[in-house]
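Residue strings, one per chain:
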Amino acid sequence: MITPSDHAAFRALIARARLYVLVTHVNPDGDAIGSQVGLGRYLQSLGFEVRIVNQDETPRELRFLEFDGPHVESYDPNRHDGLLDAADAIVLVDNSAPDRLGRMDAPSRARTAKTFCIDHHPARATPWAGNVIDTSASATAVIVYELVRAEGGTPDRAAADALYAGLATDTGFFRFNSTSPRAFRVAAELLEAGADPTRCYREVYERNAPAYTRLLGHALAGLSLGAGGAVASVGITLAMIEACGAADVDTSEFTTPLLAVDGVRVAILFRELPGGKVKVSLRSKGELDVSRMAAECGGGGHRNASGIVLPGRFEDIVEAVTARAVALAADGR
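Residues numbered from 1 in each chain as written. Predicted model: local features only at pLDDT ≥ 70, side-chain atom pairs only at ≥ 80, totals over all residues. Heavy atoms only, no water.

**A few points about the overall build of the protein chain**
Consideration 1: Across its full length, the protein chain carries 13 helices and 12 strands.
Consideration 2: Relative to the globule expectation of 20 Å for 333 residues, the C-alpha radius of gyration of the protein chain, 20 Å, shows essentially globular dimensions.
Consideration 3: Along the first, second and third principal axes, the C-alpha atoms of the protein chain reach 55 × 45 × 40 Å.
Consideration 4: Within the protein chain, buried positions represent 53% of all 333 residues.
Consideration 5: For the protein chain, long-range pairs separated by at least 24 residues make up 66% of all intrachain contacts whose partners lie at least 6 apart in sequence.
Consideration 6: With an accessible surface of roughly 14300 Å², the protein chain has 52% of that area assigned to carbon and sulfur atoms.
Consideration 7: Computed over 34 positive and 42 negative side-chain charges, the inter-centroid distance for the protein chain is 1 Å. (Helix = DSSP H or I, 4+ residues; strand = E, 2+ residues; numbered from the N terminus. Rg over C-alpha atoms; globule rule 2.2 N^0.38 Å. Buried < 20%, exposed > 50% of the residue type's maximum accessible area, 1.4 Å probe, protein only. Contact = heavy atoms within 4.5 Å. Areas by Shrake-Rupley, 256 points an atom, 1.4 Å probe, with all protein chains shown as cover. Lys, Arg positive; Asp, Glu negative; His and termini not counted. Charge placed at Lys NZ, Arg CZ, Asp CG, Glu CD.)

**Let's talk about the sheet that holds strand β4 (residues 89-93)**
Consideration 1: The strand order β3-β2-β1-β4-β5-β6 describes an open sheet built from 6 strands, whose pairing is parallel. Bordering the open sheet on either side are β3 (72-74) and β6 (130-133), each of which pairs with just one other strand. Between one strand and the next, the sheet's axes are offset by a mean angle of 25 degrees, whatever the strand orientation.
Consideration 2: Strand direction decides the pairing type here: strand β5 (residues 115-119) and β6, joined by 4 bridges, are parallel. Residue pairing in the sheet places Ile-118 in a bridge with Val-132 of β6.
Consideration 3: Along the sheet face, helix α2 (residues 30-45) touches β1 (19-23), β2 (49-54), β3, β4 and β5 and points at about 165 degrees away from the line of β2.
Consideration 4: Along the sheet, helix α5 (residues 140-150) makes contact with β4, β5 and β6, crossing β5 at roughly 115 degrees. (Pairing = 2+ DSSP bridges. Axes fitted to C-alpha atoms, helices over the stretch in contact; angles between N-to-C directions.)

**Side note on the side chain of Asp-105**
Consideration 1: Here Asp-105 shows up in helix α4 (residues 105-109).
Consideration 2: Dropping the residues within four chain positions of it, Asp-105 is found in contact with Pro-98 and Asp-99.

**Quick look at the packing of aromatic side chains**
Consideration 1: Within the structure shown, the criterion is met by 7 aromatic pairs.
Consideration 2: Relative to Tyr-201, the ring of Phe-173 has its centre 5.1 Å away and its plane inclined at 80 degrees; by these criteria the two rings are edge-to-face. With Phe-173 in the loop between α6 (157-170) and α7 (181-192) and Tyr-201 in helix α8 (residues 197-205), this pair connects stretches of sequence that are 28 residues apart.
Consideration 3: With a relative accessible area of 19%, Phe-173 lands in the buried category.
Consideration 4: Look at Tyr-201 and you get partly exposed, because its relative accessible area is 36%.
Consideration 5: With a centroid separation of 5.1 Å and 85 degrees between ring planes, the pair formed by Tyr-212 and Phe-254 is classed as edge-to-face. Of this pair, Tyr-212 sits in helix α9 (residues 210-221) while Phe-254 sits in the loop between α10 (238-244) and α11 (256-259); the two residues are 42 residues apart in sequence, bridging distant segments of the chain.
Consideration 6: Look at Tyr-212 and you get buried, because its relative accessible area is 14%.
Consideration 7: Classification of Phe-254 by relative accessible area gives buried; the value is 1%. (Phe/Tyr/Trp six-rings, centres within 6.5 Å; stacked < 30°, edge-to-face > 60°.)

**Here's the deal with the pairing of β4**
Consideration 1: With 5 of 5 residues buried, β4 lies mostly within the body of the structure.
Consideration 2: Side-chain alternation along β4 places Ala-89, Val-91 and Val-93 on one buried face and Ile-90 and Leu-92 on a second face that is also buried.
Consideration 3: Note: β1 against β4, 4 bridges, orientation parallel. Within β4, the position partnered with Tyr-20 by the bridge is Ala-89.

**Points about unusual backbone geometry**
Consideration 1: Omega for the peptide link from Gly-69 to Pro-70 comes to -5 degrees, which places this bond in the cis form.
Consideration 2: In this structure, Pro-70 sits in the loop between β2 and β3.
Consideration 3: You will see that Asp-94, though not glycine, has its phi angle at about 65 degrees, which is positive.
Consideration 4: Relative to the assigned elements, Asp-94 resides in the loop between β4 and α4.
Consideration 5: Taking relative accessible area as the criterion, Asp-94 reaches 0% and is therefore assigned buried.
Consideration 6: Backbone geometry places Phe-173, a non-glycine residue, at a positive phi of 55 degrees.

**Digging into the side chain of Glu-203**
Consideration 1: One can find Glu-203 in helix α8.
Consideration 2: A polar contact of 2.8 Å, which involves the side chain of Glu-203, links it to the side chain of Arg-207.
Consideration 3: Leaving out residues up to four positions away in the same chain, Glu-203 has contacts with Glu-61 and Phe-64. (Polar contact = N/O pair within 3.5 Å; in protein donor to acceptor, adjacent residues only side chain to side chain.)

In structure tokens:
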């Protein structure tokens with residue numbers, strides 16, 4: 001839960017600054033963008049200047065959250081290092097680990113004295129001047145909402161949409177075991193503030209490009225099962241991506257149909273990246289903790305949803321990670 005000292009730290013943050021720069025992790029998801037926009041609109045309502053600067057562009061299916069601003073800018077050191085210097089406060093949202101900032105790692109570390117972090121992920125290395133980290137929250141959007149409400153703020157419709165999208169996407173639209181009574185209470189209040197759940201679902205999940213569907217079909221055709229059917233995995237190579245014209249496709253939901261297979265407890269998506277690297281997305285059911293496995297390989301995340309980026313040959317990484325997953329499923333923890 002958010003402690004009184006957390007609320008005091010947030011109160012001090014909004015009392016001392018006039019120019020805020022909001023930052024999040026690489027490959028931002030719904031919780032990252034939703035929390036940034038929701039917090040940004042609150043800060044703007046107080047009369048402050050807000051800029052959102054991320055390493056990566058907002059995924060196409062989440063751009064509706066920026067329609068009324070503030071808009072996300074892609075980090076360019078020539079344009080933004082001066083802005084980071086001028087900012088009174090840098091707020092790192094939905095991420096506490098510097099190594100998940102990509103190209104913004106070094107510029108953020110260089111300004112830790114004025115960087116404030118709001119996150120719901122387990123903290124690893126947090127050099128920031130201030131932190132509000134609540135791992136019991138279903139999403140960072142929940143923390144942002146509760147901090148704002150405690151200061152007497154009420155999200156407008158656009159902010160409510162953004163925070164609802166953050167909460168809904170990070171809980172799999174309230175089906176993951178991270179969903180809590182607290183999450184439903186916040187969701188209800190966001191709906192009362194004007195959030196539109198139908199639009200949110202439609203924008204996020206019902207605007208797939210043909211390339212997405214082709215790539216998903218190719219991936220599922222290569223389904224592999226291990227540990228007596230408890231571990232399901234699929235792989236996406238650069239050649240598959242090129243053949244499907246799917247260079248910009250977000251594959252974050254490709255593990256969902258794997259977990260829907262009867263008996264599957266761990267789902268793995270291997271996506272080949274340029275430069276001899278592989279992105280590994282891990283999902284699990286129940287008490288199986290894939291975050292431990294991810295941490296052992298230099299990644300991180302939650303118990304039932306984690307990720308890793310590994311250098312090496314695609315085939316070797318598939319073999320090694322699958323073996324670890326099979327061992328995890330056999331161990332049962």
